[in-house]
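# Report on the structure
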Amino acid sequence: MPLRVVVLLSGSGTTLQNLIDHIARGALDARITGVVSSRAGVYGLERARLAGIPAATVPRKAYADDAAFNADLWREIRGMGADLVVLAGFMSLITVPEDFHNRIINVHPALIPAFCGHKMYGHHVHEAVLAFGAKVSGATVHFVDDQYDHGPIILQKCVPVLDDDTPDTLADRVQAAEREIYPQALQLIAGGRVTVEGRRVRVR
Ligand code: GAR
């Protein structure tokens, strides 16, 4: 039985597409059993439809608070049959139920714990890296806890920051790293090779 994955997104779904493509060419032993978006009408939902993956929308802005939103969100996730929840440009705070501790992963477009946290997403991250003058950036895959971009780190990949970089050119380089390490991390989990002790993640 391949690992059953539910993907959560809020936007264009390039991260979802990368996972769909890896599975299609046999490079990832997982099955995406569902996609949930926290925003209506985003292209990520269309990508799910084109790939024949069941999709649902739980619009964050329709809820008064995180608790009410998460109640419906988790109803959808559980209904789709998830072994693992994969955040793919998901811009809302997810609460982690006891039975999903270390069963939710996220990719962040920087080397956490730098340039991360609430409101640090997408281009804001790359602008902050350039403004600070950092010489390296990269991508991080980590387990999700109850804080933004905070849980135990599974994989990181560095990229250089070049003198003539703009947020766009840096984003391209970081996203290439994301496209490499996110499916890689998933494959390690699918193969049962990942163990977590506190904040330390070990790959066997
Ligand atoms: C990705 O670059 C991902 O690193 C970032 O959102 C983008 C999603 O793109 N995630 C975060 O910033 C999380 N803090 P997509 O919607 O096209 O998949």
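Let me begin by describing the structure that accompanies this report. Keep in mind the model is a prediction, meaning the values are calculated, not measured.

Axis separation between helix 4 (residues 122-132) and helix 5 (residues 167-190) bottoms out at 9 Å; the angle between their running directions is 110 degrees. Put simply, helix 4 runs roughly perpendicular to helix 5. Crossing of helix 4 over helix 5 shows right-handed handedness. On helix 5, the residues touching His-123, His-126, Glu-127, Val-129 and Leu-130 of helix 4 are Pro-167, Asp-168, Leu-170, Ala-171 and Val-174.

Time to look at the site of the ligand. Close to the ligand lie 16 residues; Ser-12, Thr-14, Thr-15, His-108 and Glu-178 are nearest. One of the side-chain N or O atoms of His-108 is found 3.1 Å from a nitrogen atom in the ligand. Interatomic distance of 3.3 Å between a side-chain N/O atom of Asp-149 and a nitrogen atom of the ligand. The protein chains hide 90% of the 450 Å² of surface that the ligand would expose on its own. Listed by contribution, the elements that provide at least two residues to the shell around the ligand are helix 1 (14-24), strand 5 (104-108) and helix 5. Looking at the shell around the ligand residue by residue, the classes come out as six nonpolar, eight polar and two charged.

With that settled, the discussion passes to the packing of aromatic side chains. Tallied over the full model, the rule gives four aromatic pairs. Geometrically, the ring pair formed by Phe-69 and Phe-90 is stacked, given 6.4 Å between the ring centres and 15 degrees between the ring planes. Here the residue Phe-69 occupies a position in helix 3 (residues 66-80), and Phe-90 occupies one in the loop between strand 4 (84-87) and strand 5, the gap between them amounting to 21 residues. A single burial state applies to Phe-69 and to Phe-90, both of which are buried. Between Phe-115 and Phe-132, the aromatic rings sit 6.0 Å apart at their centres with planes inclined by 75 degrees, giving edge-to-face as the arrangement. Within this pair, whereas Phe-115 is found in the loop between strand 5 and helix 4, its partner Phe-132 is found in helix 4, the two being separated by 17 residues in sequence. Overall, the relative accessible area of 68% leaves Phe-132 in the exposed class. Among the aromatic residues, those joined into a ring-pair cluster are Tyr-63, Phe-69 and Phe-90. Its end group placed over the ring of Phe-100, Arg-103 keeps NZ or CZ at 3.9 Å from the ring centre.

Reading guide: rules and limits
- Residues numbered from 1 in each chain as written.
- Predicted model: local features only at pLDDT ≥ 70, side-chain atom pairs only at ≥ 80, totals over all residues.
- Heavy atoms only, no water.
- Axes fitted to C-alpha atoms, helices over the stretch in contact; angles between N-to-C directions.
- Helix = DSSP H or I, 4+ residues; strand = E, 2+ residues; numbered from the N terminus.
- Parallel < 35°, antiparallel > 145°, perpendicular 65-115°, else oblique.
- Left-handed = near helix turned anticlockwise from the far one by under 90°.
- Contact = heavy atoms within 4.5 Å.
- Near = heavy atom within 4 Å.
- Polar contact = N/O pair within 3.5 Å; in protein donor to acceptor, adjacent residues only side chain to side chain.
- Areas by Shrake-Rupley, 256 points an atom, 1.4 Å probe, with all protein chains shown as cover.
- Nonpolar A, V, L, I, M, F, W, Y, C, P; charged D, E, K, R; others polar.
- Phe/Tyr/Trp six-rings, centres within 6.5 Å; stacked < 30°, edge-to-face > 60°.
- Buried < 20%, exposed > 50% of the residue type's maximum accessible area, 1.4 Å probe, protein only.
- Lys NZ or Arg CZ within 6 Å of the ring centre and 35° of its normal.

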